[in-house]
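Each chain, letter by letter, is given below.
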Amino acid sequence: DRNRELITEVLRQVLPSSGMVLEIASGTGQHVAHFAAAFSHLTWQPSDCDPESLGSIGAWRQDACLANLLQPLSIDVTKPWPLQKADAVICINLVHIAPWAATEAVLSRAAQILPEGGPLYLYGPYLENGVETAPSNLEFDASLRARNPDWGLRRMELLKERAEAVGLFFQDRYPMPSNN
């Protein structure tokens, strides 16, 4: 709940005026239900690879009763996606809580299904040259890596490099308030 309004304001600037938005790793479904209500002119396709999360997304969807919020898809980002096209892709809090291979897969598969200029919006904490990192983010990074050495905050420069390698280009960075 604490970051949904902040993300909504950024999405107002980056989402297309019509079409379908694929959310990768929808988790509980709380965000996608909020976004579908806020952007009723767009169709929202939630997804996750976890069966429990898919059930939760379905419950949020049922509670929201929104015609533009589709039934969740089971998507393992490292395997072929069941969609051939999306007008935008959003991915919130996956990049740092998944192996690097998952991030590379999101980038390459998003590049395949997005139209030219279609946005891929990634939300989460990142490490960036020349930008001071909050101590809480460094602690979070250490905590993630202690749980799984393949997890952790990613370097923005590496993310940009890998995105460009598959035909995606960095457009903007939207700073969030502390702990967001």
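Only a predicted model underlies this, so the values are computations on that prediction, with no experimental measurement involved. (Residues numbered from 1 in each chain as written. Predicted model: local features only at pLDDT ≥ 70, side-chain atom pairs only at ≥ 80, totals over all residues. Heavy atoms only, no water.)

Observations regarding the packing of helix α4 (residues 100-113) against helix α6 (residues 156-165)
Contact pair α4 / α6: the axes reach a minimum separation of 9 Å and the direction vectors enclose 40°. In terms of orientation, α4 and α6 fall into the oblique class. α4 and α6 meet at a crossing whose hand is right-handed. In contact with Trp100, Thr103, Glu104 and Leu107 of α4, α6 contributes Leu158, Leu159, Arg162 and Ala163. Of the residues assigned to the contact of α4 with α6, the class counts are five nonpolar, one polar and two charged. (Axes fitted to C-alpha atoms, helices over the stretch in contact; angles between N-to-C directions. Helix = DSSP H or I, 4+ residues; strand = E, 2+ residues; numbered from the N terminus. Parallel < 35°, antiparallel > 145°, perpendicular 65-115°, else oblique. Left-handed = near helix turned anticlockwise from the far one by under 90°. Contact = heavy atoms within 4.5 Å. Nonpolar A, V, L, I, M, F, W, Y, C, P; charged D, E, K, R; others polar.)

Here's the deal with the packing of aromatic side chains
Scanning all chains against the criterion turns up two aromatic pairs. Consider the rings of phenylalanine 35 and tryptophan 44, whose centres lie 5.7 Å apart with planes at 35°: the pair is tilted. Comparing phenylalanine 35 with tryptophan 44 shows no difference in burial state: the two are buried. Centroid distance phenylalanine 39 to tryptophan 44: 6.1 Å. Interplanar angle 40°. Geometry classified as tilted. For the pair phenylalanine 39 and tryptophan 44, one class covers both residues: buried. Through a chain of ring-to-ring contacts, three or more aromatic side chains come together here, namely Phe35, Phe39 and Trp44. (Phe/Tyr/Trp six-rings, centres within 6.5 Å; stacked < 30°, edge-to-face > 60°. Buried < 20%, exposed > 50% of the residue type's maximum accessible area, 1.4 Å probe, protein only.)

Observations regarding the sheet that holds strand β6 (residues 120-123)
Spatially, four strands are ordered β2-β1-β5-β6 in an open sheet, and the strand pairing comes out parallel. Here the strands that pair on one side only, and so sit at the sheet edges, are β2 (42-45) and β6. Averaged over all pairs of adjacent strands, the angle between strand axes in this sheet comes to 20°, irrespective of strand direction. Bridge count between strand β1 (residues 19-24) and β2: four bridges; the pairing is parallel. Looking at the pairing, methionine 20 lines up with threonine 43 of β2. The strands touched by α4 are β1, β5 (88-92) and β6; relative to β6, the strand with the most contacts, the crossing angle is about 155°. (Pairing = 2+ DSSP bridges.)

So, the side chain of asparagine 68
One can find asparagine 68 in the loop between α3 (51-64) and β4 (73-74). Take asparagine 68: its relative accessible area is 10%, and that puts it in the buried class. When near neighbours in sequence (up to four residues on either side) are disregarded, asparagine 68 contacts Ala36, Phe39, Ser40, Leu42, Thr43 and Trp44.

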